[in-house]
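# Analysis of the macromolecular model
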Amino acid sequence: MDGYVTVIGGTNMDIAAALTAPFVPADSVPGQVTLGCGGVARNIAHNLRLMGHEVKLVSIFGEEAFGNMCWNECLAIGLDLTLSERCEDMRTGLYLCINDQSGDMIAAVADTDIIVCITPEFLGSRIDALNNSSLVIADTNISAEALQFLIDHCSAPLMVDAVSTAKATRVIKALHQSQTHRLQVLKLNRQEALAVTHCDTVESAADNLTGMGIGQVYVTLGSDGVYCSDGNRHEHYSAFPTLVTNTTGAGDAFIAGVAHAQLCGTAFPDCAKMGLRAAYATLLSTQTVNPDVRNYCRE
């Protein structure tokens, strides 16, 4: 586990509402509202740091109260922010989610306009640090152009998290427009995989994606586990049975677990097992990142 991992993408202030009564449209419902630092890239970075890795986070923070809170929390957990920037003219990303009584998401809104500051030029000024990484992970909060730059210019192994159906198309656009048309790892959920490929099954979607030049595809299936493919090998792993406390952050933990396994020398597709362990830890926690995730992810 020598070297460092670089994670690129969103840092948000998360506002999460957990309902304590059944959801009723167009009405006020009792529940608990919490505030905390989140964002897909930041969550991935946090998980990897807890797993024992040195992590550089490439993100954009505002200089308002939420930005200060997120910046200071990232430093407190040991993330290296030397590649990140603060922008006084923009607001730190905000993520608002509503979860039902079982912990499943009802709806969410991501206000992440600040991330447009991560441009190809922004990444180009940091390319040496990226290329010296043991692994680079990006989320699709960044633009298709920024993702294309990484695909074409990042010599370190590159992993991408699709984030959402609305943003997953960015990585497909980036692949089509890139010079190399190669990406080592893409992680999506079932809905995202079917949406970006227009396929009817997860299996055909994975075949479609590996046919585009993606080396390894991990399609998370919620309580059904994960389907993995590299174009030659195909594997389905079942999820760990559990009573869900919270689903927010489970996908972020999954890709962090896969990355952790790869860095520890685990071969495809068994890296998915570590991803499932990390996701399981998150599902058990009231927090977006389980502080005890490392104990679930020991080799």
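The structure under discussion appears in the preceding block.
The present account deals with the structure reproduced in this document.

About the thresholds
Residues numbered from 1 in each chain as written. Predicted model: local features only at pLDDT ≥ 70, side-chain atom pairs only at ≥ 80, totals over all residues. Heavy atoms only, no water. Axes fitted to C-alpha atoms, helices over the stretch in contact; angles between N-to-C directions. Helix = DSSP H or I, 4+ residues; strand = E, 2+ residues; numbered from the N terminus. Parallel < 35°, antiparallel > 145°, perpendicular 65-115°, else oblique. Left-handed = near helix turned anticlockwise from the far one by under 90°. Contact = heavy atoms within 4.5 Å. Buried < 20%, exposed > 50% of the residue type's maximum accessible area, 1.4 Å probe, protein only. Pairing = 2+ DSSP bridges. Right-handed = clockwise from strand over helix to strand, strands pointing away.

## Things to note about the packing of helix α1 (residues 40–50) against helix α9 (residues 250–263)
Closest axis-to-axis distance for the α1/α9 pair is 8 Å, and the angle between their directions is 45 degrees. Taken together, α1 and α9 sit at an angle that is classed as oblique. Between α1 and α9 the crossing geometry is right-handed. From α1, V40, N43, I44, N47 and L48 reach across to α9, where they touch D252, A253, I255, A256, A259 and H260.

## Considering the side chain of D14
With respect to the secondary-structure elements, D14 resides in strand β2 (residues 12–19). For D14, the residues in contact, after removing those within four places along its chain, are T34, L35, G36, C37, G38, G39, Y95 and T288.

## Quick look at the pairing of strand β11 (residues 183–189)
In terms of residue burial, β11 counts as a mostly covered element, since five of its seven residues are buried. Note: strand β10 (residues 158–161) against β11, three bridges, orientation parallel. Paired with V160 across the bridge in β11 is L186. Assessed by its sense of winding, the connection that carries the chain from β10 through helix α6 (residues 165–177) to β11 is right-handed. Pairing between β11 and strand β12 (residues 214–220): six bridges, direction parallel. Following the sheet pairing, L183 is matched in β12 by I214.

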